[in-house]
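One-letter residues, chain by chain:
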Protein chains: 10
Amino acid sequence: MLYHVRMDVRVPHDVDPARFEALKAEEKARAQALQREGKWRHLWRIVGQYANVSVFDVADHDELHAILASLPLFPFMEIAVTPLARHPSALD
Amino acid sequence: MLYHVRMDVRVPHDVDPARFEALKAEEKARAQALQREGKWRHLWRIVGQYANVSVFDVADHDELHAILASLPLFPFMEIAVTPLARHPSALD
Amino acid sequence: MLYHVRMDVRVPHDVDPARFEALKAEEKARAQALQREGKWRHLWRIVGQYANVSVFDVADHDELHAILASLPLFPFMEIAVTPLARHPSALD
Amino acid sequence: MLYHVRMDVRVPHDVDPARFEALKAEEKARAQALQREGKWRHLWRIVGQYANVSVFDVADHDELHAILASLPLFPFMEIAVTPLARHPSALD
Amino acid sequence: MLYHVRMDVRVPHDVDPARFEALKAEEKARAQALQREGKWRHLWRIVGQYANVSVFDVADHDELHAILASLPLFPFMEIAVTPLARHPSALD
Amino acid sequence: MLYHVRMDVRVPHDVDPARFEALKAEEKARAQALQREGKWRHLWRIVGQYANVSVFDVADHDELHAILASLPLFPFMEIAVTPLARHPSALD
Amino acid sequence: MLYHVRMDVRVPHDVDPARFEALKAEEKARAQALQREGKWRHLWRIVGQYANVSVFDVADHDELHAILASLPLFPFMEIAVTPLARHPSALD
Amino acid sequence: MLYHVRMDVRVPHDVDPARFEALKAEEKARAQALQREGKWRHLWRIVGQYANVSVFDVADHDELHAILASLPLFPFMEIAVTPLARHPSALD
Amino acid sequence: MLYHVRMDVRVPHDVDPARFEALKAEEKARAQALQREGKWRHLWRIVGQYANVSVFDVADHDELHAILASLPLFPFMEIAVTPLARHPSALD
Amino acid sequence: MLYHVRMDVRVPHDVDPARFEALKAEEKARAQALQREGKWRHLWRIVGQYANVSVFDVADHDELHAILASLPLFPFMEIAVTPLARHPSALD
């Protein structure tokens with residue numbers, strides 16, 4: 001099932017830079033692993049913002065929550081999830 | 001170039017039903033033609049709403065505006081456009 | 001899977017009263033049928049508003065959208081859907 | 001009487017992790033005790049957020065406020081309470 | 001139990017004036033009857049707006065909803081209900 | 001003259017607890033003195049929130065501002081003031 | 001006492017033009033009479049909008065509401081009232 | 001002096017099409033005349049919306065209001081005006 | 001030219017009190033000097049808030065920005081500027 | 001292609017002043033270099049705010065994001081990007 005997910009990262013200005021860079025590297029590795037598994041189907045950067053628009057393809061709500069809540073940057077993100085259904089005019 | 005587009009359709013309760021059904025049929029045909037041309041890359045229904053989330057792949061802003069403004073349901077839609085850039089963690 | 005759904009009904013002041021009463025009766029019958037089938041698990045009235053908070057238990061996004069979009073009052077409702085996951089502190 | 005309650009937890013990035021984990025453990029124990037007493041009737045996680053949707057069944061407003069204000073994570077939560085009435089189409 | 005209720009009246013510009021005046025007269029009679037019964041405890045006009053702030057004292061959520069939904073102007077009102085608890089610093 | 005006042009208290013998570021408890025005690029004493037003087041006519045707790053809804057009865061705007069701005073918790077409160085007029089349907 | 005008042009006029013597109021022009025002429029006469037009486041102290045146009053920012057100087061809330069609610073364009077206006085106190089840095 | 005102006009056109013679905021087309025033609029002529037005079041310095045379409053972002057260069061607030069309020073589509077537009085100052089990093 | 005300006009002061013709870021009092025004293029002196037020069041024409045306190053509504057009378061946008069940006073409390077203020085035009089019903 | 005960009009700078013009150021001044025100097029140099037290259041076409045200050053409205057002229061979304069995300073003040077800015085198309089009434 002498909003879910004539209006928007007993630008906005010809020011970086012506190014007094015966060016420890018080294019700690020944050022480490023989290024970003026972990027986040028990148030995790031995002032790429034999930035893409036390879038076919039669960040994180042699309043990942044786009046919103047122009048001008050530290051934010052992304054994504055589409056996930058997972059078995060159910062619990063799997064999606066488990067994935068999002070375990071992302072290394074989860075504590076710094078504001079996340080909005082929208083369930084997507086098939087559109088009657090879609091070809092695919 | 002990719003653009004994230006959300007369209008919310010607002011149907012006035014006193015619109016002429018036959019006229020509206022005709023517009024919907026035209027809209028569907030147009031949406032499918034644009035998908036076949038590769039310009040309307042994704043089209044998903046937002047669950048519970050007369051609304052969609054789409055991704056367009058067009059040459060530039062003018063082409064996107066020309067497409068959206070000529071959709072048969074354009075006068076009944078509220079549209080929000082967000083430009084998408086490549087994400088540094090995206091595999092594709 | 002569980003979905004939290006809020007529905008706000010907007011009645012245009014110049015709608016035909018007889019037509020609207022007929023739609024309400026159909027809506028009630030449909031709501032009760034869906035409750036009996038176990039798909040519309042909870043249905044509560046928001047105090048002071050022509051609105052409800054509901055919980056649906058359906059197979060997937062497409063089934064939920066099909067149910068909501070076919071409700072007789074759908075054209076008069078503003079609907080917000082929120083996917084619900086299991087809470088780690090929940091007993092049930 | 002039933003109340004719909006949404007709780008959003010805001011964790012300050014510079015909170016002491018050990019102190020916060022202790023509060024979370026207390027919160028879980030308290031949430032489970034209240035569920036066993038039948039006062040916290042439903043508890044669901046909102047997918048992708050450190051937030052829940054709950055339904056409480058208590059004697060009156062004062063009891064609900066006493067419960068919510070004494071939750072260990074209360075100082076870190078934004079809470080919205082909506083009173084629920086019986087819906088005329090509800091079967092139960 | 002006490003509830004804080006705000007009511008905003010929206011008068012469509014093309015409503016039938018005689019019908020609306022009749023509803024207003026019924027509303028006034030009903031509001032005064034409920035005040036005499038002690039259920040509509042406070043009723044104030046918000047300066048500059050066709051709106052009021054009220055406090056109701058009723059047995060439970062269902063009674064409040066029954067009262068509000070049967071007000072003659074209910075179809076023209078936007079209503080927000082907030083449950084009130086005893087304040088620890090209140091003398092009364 | 002009557003004023004509707006809503007106060008939301010925002011407690012910074014890193015405030016000194018002893019200092020804050022002292023301010024709360026002063027606030028309570030001040031609130032009770034103002035109630036005894038008849039100026040703070042109503043004081044209710046909003047269920048589930050560190051917030052209150054109040055009604056003040058004072059001579060004029062300047063007196064109200066002087067009272068509110070001198071409350072011990074004023075620096076931690078977000079305050080909204082709404083002037084109240086007599087309602088044509090009010091009995092009192 | 002001083003009140004800051006913002007008025008936004010919403011003209012329905014299908015209003016009778018002659019009727020509306022008559023109301024506007026009455027509104028202008030009334031606004032000028034109130035200015036001559038010293039009650040409508042300031043009246044400015046917000047650039048680019050059918051809206052004004054005003055300052056009223058009246059005896060109390062009831063007088064202000066009586067004035068505003070009897071303006072010929074009141075049914076077409078959205079009004080926001082803010083009570084003004086003396087500023088400690090003001091010279092006048 | 002420069003002003004940033006955003007105009008959103010709202011077309012009622014039951015407006016007379018011939019009348020509206022006539023207004024649009026007048027609006028276009030007026031917009032082009034103002035550009036030739038150097039008063040309407042920039043005029044861009046917001047992609048996907050019946051809206052524009054403009055920059056005006058006029059003598060003062062009164063001149064800008066006179067221009068905007070006399071645009072043929074003014075009754076159908078929502079307009080937001082923002083005054084622009086010289087930026088300390090601007091080259092021009 | 002006239003500008004309507006609203007200023008909301010946000011005081012961080014951990015600001016150095018002595019430093020802030022010094023800034024407030026400077027702000028007051030500056031506000032009074034600008035009033036004496038006729039540039040800061042009106043200055044009112046919003047009841048219940050650390051905020052003011054003001055009217056400035058200056059030569060142009062650049063002068064207003066220079067004044068506002070050099071106020072001692074500017075770094076702690078949220079400011080909204082609205083240009084004011086002559087109202088056709090104003091007497092003055 | 002043209003993009004409308006609004007940037008609001010949020011300066012944390014406890015940021016190191018010397019570090020921030022250094023970033024501002026770098027930002028200014030970078031803004032001027034981009035103007036000389038013709039990519040940052042317009043740069044205006046919003047009166048009364050630490051914010052600007054800009055128009056960029058770049059090859060595509062990726063170039064714009066690369067520019068914005070590398071601005072020295074990017075971590076302190078809230079940025080909103082709006083794609084601009086040619087307006088049918090524009091002369092240029």
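Residues numbered from 1 in each chain as written. Chains lettered and ligands numbered in written order. Predicted model: local features only at pLDDT ≥ 70, side-chain atom pairs only at ≥ 80, totals over all residues. Heavy atoms only, no water.

**As for the overall build of chain A**
Counted only if it meets this: The helix count covers DSSP runs of H or I at least four residues long, the strand count covers runs of E at least two residues long, and both are numbered beginning at the N terminus. Only protein chains enter the accessibility calculation, which uses a 1.4 Å probe; a residue whose area is less than 20% of its type maximum is buried, one above 50% is exposed, and one in between is partly exposed. The accessible surface values rely on the Shrake-Rupley method and a 1.4 Å probe; as for residues, cover is taken only from the protein chains in view. In this charge count, Lys and Arg are treated as positive and Asp and Glu as negative; neither His nor the chain ends contribute. By convention, the point assigned to a charge is CZ for Arg, NZ for Lys, CD for Glu and CG for Asp.
What chain A contains, in helices and strands, is two helices and four strands. Helices and strands appear in chain A in the N-to-C order β-α-β-β-α-β. Seen through its C-alpha atoms, chain A measures out along the principal axes to roughly 50 × 25 × 20 Å. The burial tally for chain A puts 55% of its 92 residues in the buried class. About 3900 Å² of surface is accessible on chain A, with carbon and sulfur atoms providing 53% of the total. If you average the places of the 11 positive and of the 13 negative side-chain charges in chain A, the two averages end up 5 Å apart.

**Focus on the pairing of strand β2 (residues 40–46) of chain A**
Residue and element names in this part refer to chain A. Going by this rule: Here, strands pair whenever DSSP counts at least two bridges between them.
Extensive coverage of β2 is indicated by the burial of six of its seven residues. Sheet topology places β2 next to strand β3 (residues 51–57); five bridges connect them, and they run antiparallel. For Arg-45, the partnering residue across the bridge sits in β3 and is Asn-52. What sits between the antiparallel neighbours β2 and β3 is a turn of four residues, in which Gly-48 has the positive phi angle 85°.

**Considering the interface of chain H and chain J**
Note the threshold: Two residues qualify as a contact provided that any one of their heavy atoms is within 4.5 Å of a heavy atom in the partner residue. Reported buried area values correspond to the accessible surface (1.4 Å probe) lost by two parts on association, with both partners' losses combined. Should a side-chain nitrogen of Lys or Arg be within 4 Å of a carboxyl oxygen of Asp or Glu, the pair is scored as a salt bridge. Each polar contact in these results corresponds to two N or O atoms within 3.5 Å; when the atoms are within protein, one needs to be able to donate a hydrogen and the other to accept it, and residues that are neighboring in sequence are counted only if both atoms are side-chain atoms.
Each side of the interface is counted separately: chain H has 26 residues, and chain J has 27 residues. For the pairing of chain H and chain J, the buried interface totals around 2500 Å² over both sides, and the portion due to carbon and sulfur atoms is 65%. Viewed at the interface, chain J and chain H are joined by zero salt bridges. At the boundary of chain H with chain J, the tally comes to 14 residue pairs in polar contact (both at pLDDT 80 or more). Among the elements of the structure, β1 (2–9), α1 (17–36), β2 (40–46), β3 (51–57) and β4 (77–86) of chain H are those that each provide at least two residues to the side of chain H that touches chain J.

**Considerations on the sheet that holds β4 of chain H**
Stated formally: Axis angles are defined between N-to-C directions and span 0 to 180 degrees, where every axis is a line fitted to C-alpha atoms and, for a helix, only to the segment in contact.
Reading around the circumference, β1(H)-β3(H)-β2(H)-β4(J)-β1(J)-β3(J)-β2(J)-β4(H) is the order of the eight strands in this closed barrel, with antiparallel pairing throughout. Strand-to-strand twist of the sheet, defined as the mean angle between neighbouring strand axes without regard to direction, takes the value 35°. Most of the contacts of helix α2 (residues 61–69) of chain B go to strand β4 (residues 77–86) of chain J, to which it runs at about 70°, and overall it touches β2 of chain H together with β1 (2–9) and β4 of chain J. Against the sheet, helix α2 (residues 61–69) of chain J engages β1, β3 (51–57) and β4 of chain J, with an angle of about 20° to β1 of chain J.

**Re the relation of the copies chain H and chain J**
Each of the two chain copies can be brought onto the other by rotation about an axis and movement along it. Spelled out, the test is: The fit set for superposing copies consists of C-alpha atoms from residues with pLDDT of at least 70 in both; the fit itself is least squares.
Each copy superposes on the other: chain H lies on chain J with an RMSD of 0.0 Å after a rotation of 180° and an axial shift of 0.0 Å. Accordingly, the operation relating the two chain copies is best matched by a two-fold axis. Most of the interface of chain H is mirrored in chain J, where 100% of its interface residues again form contacts.

**What about the relation of the copies chain B and chain H?**
At an RMSD of 0.0 Å, chain B and chain H line up after a rotation of 72° and a shift of 0.0 Å along the axis. Within this description, the copies of the chain are treated as partners about a five-fold rotation axis. In terms of C-alpha distance to the rotation axis, chain B has Asp-14 of chain B as its closest residue, with the C-alpha 7.8 Å off the axis.

**A short note on the interface of chain B and chain H**
We apply this condition: As a working rule, the residues Ala, Val, Leu, Ile, Met, Phe, Trp, Tyr, Cys and Pro are called nonpolar, Asp, Glu, Lys and Arg charged, and the rest polar, with Gly in that last group.
Counting residues at the interface gives twelve residues for chain B, matched by seven residues for chain H. Both sides of the chain B and chain H interface together cover about 730 Å² of buried area, and 63% of this is carbon and sulfur. When the buried area of chain B at its contact with chain H is split by residue, His-65, Phe-74 and Ile-79 of chain B rank highest and sum to 48% of it. Examining the composition of the side of chain B that touches chain H, we find that four residues originate from one element, α2 of chain B, more than from any other. Its residues assigned to classes, the side of chain B that touches chain H comprises nine nonpolar, two polar and one charged.

**Let's talk about the packing of aromatic side chains**
Any two aromatic rings considered together are summarised by their centre-to-centre distance and by the angle between their planes. Residue and element names in this part refer to chain C. Rules: Two aromatic rings, drawn from Phe, Tyr or Trp (for Trp, its six-membered ring), form a pair once their centres lie within 6.5 Å of each other, and the interplanar angle then sorts them: stacked below 30 degrees, edge-to-face above 60, tilted otherwise.
One pass over the full model with this rule turns up 20 aromatic pairs over all chains. Geometrically, the ring pair formed by Phe-20 and Phe-76 is edge-to-face, given 5.3 Å between the ring centres and 80° between the ring planes. Taken together, the positions of Phe-20 in helix α1 (residues 17–36) and Phe-76 in the loop between α2 (61–69) and β4 (77–86) put the pair 56 residues apart, joining distant regions of the chain. Aromatic side chains Trp-40 and Phe-56 sit 4.6 Å apart centroid to centroid with 35° between the ring planes, which places their arrangement in the tilted category. Placement of Trp-40 in strand β2 (residues 40–46) and of Phe-56 in strand β3 (residues 51–57) is noted, with a sequence separation of 16 residues between them. Judged by relative accessible area, which is 0%, Phe-56 ranks as buried.

**Focus: the confidence of the model for chain A**
What counts here: Per-residue confidence from the predictor is reported as pLDDT, a score between 0 and 100.
A residue-level look at chain A finds 100% of positions with pLDDT of 70 or above and a mean pLDDT of 97. Our summary of model confidence lists the complex with pTM equal to 0.97 and ipTM equal to 0.97.

**Focus on the arrangement of the chains**
Chain H makes no contact with chain F, the minimum C-alpha separation between the two being 26 Å. The two units chain D and chain J are non-contacting; their minimal C-alpha-C-alpha distance is 15 Å.

**A word on the sheet that holds strand β1 (residues 2–9) of chain G**
A barrel is described by the order of its strands in space; here eight strands give the closed sequence β1(G)-β3(G)-β2(G)-β4(I)-β1(I)-β3(I)-β2(I)-β4(G), paired in antiparallel fashion. Each strand of the sheet is rotated relative to its neighbour by a mean of 35°, with strand direction disregarded. Contacts between helix α2 (residues 61–69) of chain H and the sheet are confined to β2 (40–46) of chain G together with β1 (2–9) and β4 (77–86) of chain I, with β4 of chain I contributing the most and set at about 70° to the helix. Each of β1, β2 (40–46) and β4 of chain I is contacted by helix α1 (residues 17–36) of chain I, which is oriented at about 135° to β2 of chain I, the strand it contacts most.

**Thoughts on the pairing of strand β2 (residues 40–46) of chain J**
Looking at chain direction, β4 of chain H and β2 of chain J are connected through three bridges and run antiparallel. Within β2 of chain J, the residue paired with Arg-86 of chain H across the bridge is Trp-44 of chain J.

**Regarding the side chain of His-61 of chain J**
Summarising the element assignment, His-61 of chain J is placed in helix α2. Sequence-distant contacts of His-61 of chain J, that is, excluding residues within four places in its chain, are made with Val-47 of chain A, Met-1, Leu-2, Tyr-3, His-61, Pro-83, Leu-84 and Ala-85 of chain B together with Tyr-3 of chain J.

**Focus: the environment of Phe-74 of chain G**
Tracing the backbone through its elements, the reader meets Phe-74 of chain G in the loop between α2 (61–69) and β4 (77–86). Non-local contacts of Phe-74 of chain G, meaning those with residues more than four positions away in its chain, are made with Gly-48, Gln-49 and Tyr-50 of chain E together with Leu-68, Ala-69 and Ile-79 of chain G.

**What to know about a negative patch on the surface**
Cut-off, in case you're wondering: For patches, a residue must show more than 30% relative accessible area and have no salt bridge; joins then use 9 Å for like charges and 5 Å for nonpolar side chains, namely Val, Leu, Ile, Met, Phe, Trp and Tyr.
Taken together, the side chains of Asp-14 of chain A, Asp-14 of chain D, Asp-14 of chain F, Asp-14 of chain I together with Asp-14 of chain J present a region of like negative charge at the surface. Its location among the elements puts Asp-14 of chain I in the loop between β1 and α1. With a relative accessible area of 45%, Asp-14 of chain I lands in the partly exposed category.

**Quick word on the side chain of Gln-32 of chain B**
Looking at the secondary structure, you find Gln-32 of chain B in helix α1 (residues 17–36). When its relative accessible area of 17% is taken as the criterion, Gln-32 of chain B is described as buried. Within the local environment of Gln-32 of chain B, its side chain forms a polar contact with the backbone oxygen of Ser-89 of chain A, the two atoms lying 3.3 Å apart. Among all residues touching Gln-32 of chain B, those that are not within four sequence positions of it are Pro-88, Ser-89 and Leu-91 of chain A.

**Quick word on helix α2 (residues 61–69) of chain A**
For α2 of chain A, the complete set of buried residues consists of His-61, Glu-63, Leu-64, His-65, Ile-67 and Leu-68 of chain A. Its side-chain oxygen 3.3 Å from the backbone nitrogen of Asp-62 of chain A, Asp-60 of chain A forms the N-cap of α2 of chain A.

**Here we look at the pattern of salt bridges**
All names here are of chain B. Counted by the stated rule, this structure contains 50 salt bridges over all chains. Here Arg-41 and Asp-57 are joined by a salt bridge, their closest N and O atoms 2.6 Å apart. A residue pair is termed long-range when its members are at least 10 positions apart, and Arg-41 in strand β2 (residues 40–46) and Asp-57 in strand β3 (residues 51–57) qualify at 16 residues. Given a relative accessible area of 43%, Arg-41 falls into the partly exposed group. When its relative accessible area of 24% is taken as the criterion, Asp-57 is described as partly exposed.

**A closer look at the environment of Leu-43 of chain G**
With respect to the helices and strands, the residue Leu-43 of chain G is situated in strand β2. Each C-alpha atom of the pair Leu-43 of chain G and Ser-54 of chain G lies 4.5 Å from the other, and the pair is eleven residues apart in sequence. Discounting residues that sit within four places of it in the chain, Leu-43 of chain G has contacts with Ala-31, Gln-35, Asn-52, Val-53 and Ser-54 of chain G together with His-87, Ser-89 and Ala-90 of chain I.

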